[in-house]
Amino acid sequence: MIVRTLAEAEKSSRRIVDPKGNWDSVRLLLKDDNMGFSFHITTIYVGADFQMHYQNHFESVYCLSGEGEVETLDDGRKYPIKPGTVYILDKHDRHILRAFSEMKMACVFNPPVTGHEVHNAEGAYELETDKVSKA
Ligand code: 9YT
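Residues numbered from 1 in each chain as written. Predicted model: local features only at pLDDT ≥ 70, side-chain atom pairs only at ≥ 80, totals over all residues. Heavy atoms only, no water.

### Some words on the site of the ligand
Operational definition: The criterion for a residue being near a molecule or strand is simple. One of its heavy atoms has to lie within 4 Å of it. Polar contacts here mean pairs of N or O atoms no more than 3.5 Å apart (in protein, one a potential hydrogen donor and the other a potential acceptor; neighbouring residues in sequence count only if both atoms are side-chain atoms). Using a 1.4 Å probe, the Shrake-Rupley method yields the accessible areas, and only the shown protein chains count as cover for residues. Site definitions follow a grid-based scheme: protein atoms alone, a 1 Å grid, a 1.4 Å probe that fits but cannot get out for cavities, and for pockets an open set with protein on both sides within 12 Å along at least five of seven lines, plus lining residues having an atom within 4 Å of a point. Put plainly, a molecule is in a cavity or pocket when over half of its atoms are within 2 Å of the grid points there. Each helix is a run of DSSP H or I of at least 4 residues and each strand a run of E of at least 2, with the numbering of both proceeding from the N terminus. Residues are grouped as follows: Ala, Val, Leu, Ile, Met, Phe, Trp, Tyr, Cys and Pro are nonpolar; Asp, Glu, Lys and Arg are charged; every other residue, Gly included, is polar.
Around the ligand sit 16 residues, and of these Ser25, Arg27, His40, Thr42 and Tyr125 come closest. The side chain of Thr42 places a nitrogen or oxygen atom 3.0 Å from an oxygen atom of the ligand. Contact between the ligand and Glu59: an oxygen atom at 3.0 Å from a side-chain N or O atom of the residue. Burial of the ligand by the protein amounts to 100% of the accessible area it has alone, namely 310 Å². Most atoms of the ligand, that is more than half of them, are within 2 Å of grid points of the largest cavity. If you list the elements that add at least two residues to the shell around the ligand, you get β2 (23–29), β3 (38–44), β5 (58–65) and β10 (103–110). The class makeup of the residues in the shell around the ligand is 10 nonpolar, four polar and two charged.

Below is the structure:
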């Protein structure tokens, strides 16, 4: 069994800060734990308004606190987010996330992230193999 605490993890290299200033994410469970998914506690900063497109991953996002909205770009639908809301990107949906107050989210990624990913120009995370093939 693996046991970790958010308090310890956020003081370590498990905490990644978005270079664009929209979020930080504490990766509590990563690829090298061999669970087949990763699990993160992500803080979306108040006023954040940014586009993502996880072409290589499925993601589920559960709101623990704060309020905002998510918009799916292919159909222009907007969904309010508040504590208890989950959104599930089951179609690699292009989307915009907006935070009306600071939001704490519990996020699960399949395949798991390795630990240090930040969004590329499309708002995606690349797979390790992508990085190798471009090297
Ligand atoms: C909700 C969301 O997708 N935020 C971007 C960060 C991501 N969840 C992560 O790296 O943990």
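### Section: unusual backbone geometry
The cut-off we apply is this: Exposure categories follow from relative accessible area, calculated using a 1.4 Å probe and restricted to protein chains: below 20% of the type maximum is buried, above 50% is exposed, and the middle band is partly exposed.
That bond from Asn110 to Pro111 is cis: its omega, -5 degrees, falls within 30 degrees of zero. Phi is positive for Asn34, which is not a glycine, with a value near 60 degrees. Within the secondary structure layout, Asn34 lies in the loop between β2 and β3. Residue Asn34 is classed as exposed on the basis of its relative accessible area of 68%. Positive phi is not limited to glycine here, since His92 has a value of about 50 degrees. Following the sequence through the fold, His92 ends up in the loop between β8 (86–89) and β9 (95–99).

### Examining the environment of Phe100
Put simply, the rule is: Any two residues having at least one pair of non-hydrogen atoms within 4.5 Å are treated as being in contact.
Structurally, Phe100 is set in the loop between β9 and β10. Given the relative accessible area of 53%, Phe100 is considered exposed. Spatially, the C-alpha atom of Phe100 lies 5.6 Å from that of Glu67, the residues being 33 residues apart in sequence. Residues within four places of Phe100 in sequence aside, it is in contact with Val46, Glu67, Gly68 and Glu69.

### A word on the environment of Thr85
Along the polypeptide, Thr85 turns up in the loop between β7 (77–81) and β8. Taking the C-alpha atoms as reference points, Thr85 and Ile96, 11 residues apart in sequence, are found 16 Å from one another. Those residues within four positions of Thr85 in sequence are excluded, and the remaining contacts are Val61, Tyr62, Cys63 and Pro80.

### Observations regarding the pattern of salt bridges
For side chains bearing opposite charge, pairing can occur when the charged atoms are close. Applied cut-off: Definition used for salt bridges: Asp or Glu carboxyl oxygen within 4 Å of a side-chain nitrogen of Lys or Arg.
In this structure the tally under the stated criterion is eight salt bridges. A salt bridge links Arg15 to Asp24; its shortest N-O distance comes to 3.3 Å. With relative accessibility at 36%, the residue Arg15 sits in the partly exposed group. Here Arg94 makes a salt bridge to Asp74, at a shortest N to O gap of 3.0 Å. On the criterion of sequence distance, the pair formed by Arg94 in the loop between β8 and β9 and Asp74 in the loop between β6 (68–72) and β7 is long-range, its members being 20 residues apart. With relative accessibility at 31%, the residue Arg94 sits in the partly exposed group. Judged by relative accessible area, Asp74 falls into the exposed class, the value being 66%. Each member of the salt-bridge network shares a partner with another, and the members are Asp49, Glu69, Glu71 and Arg98.

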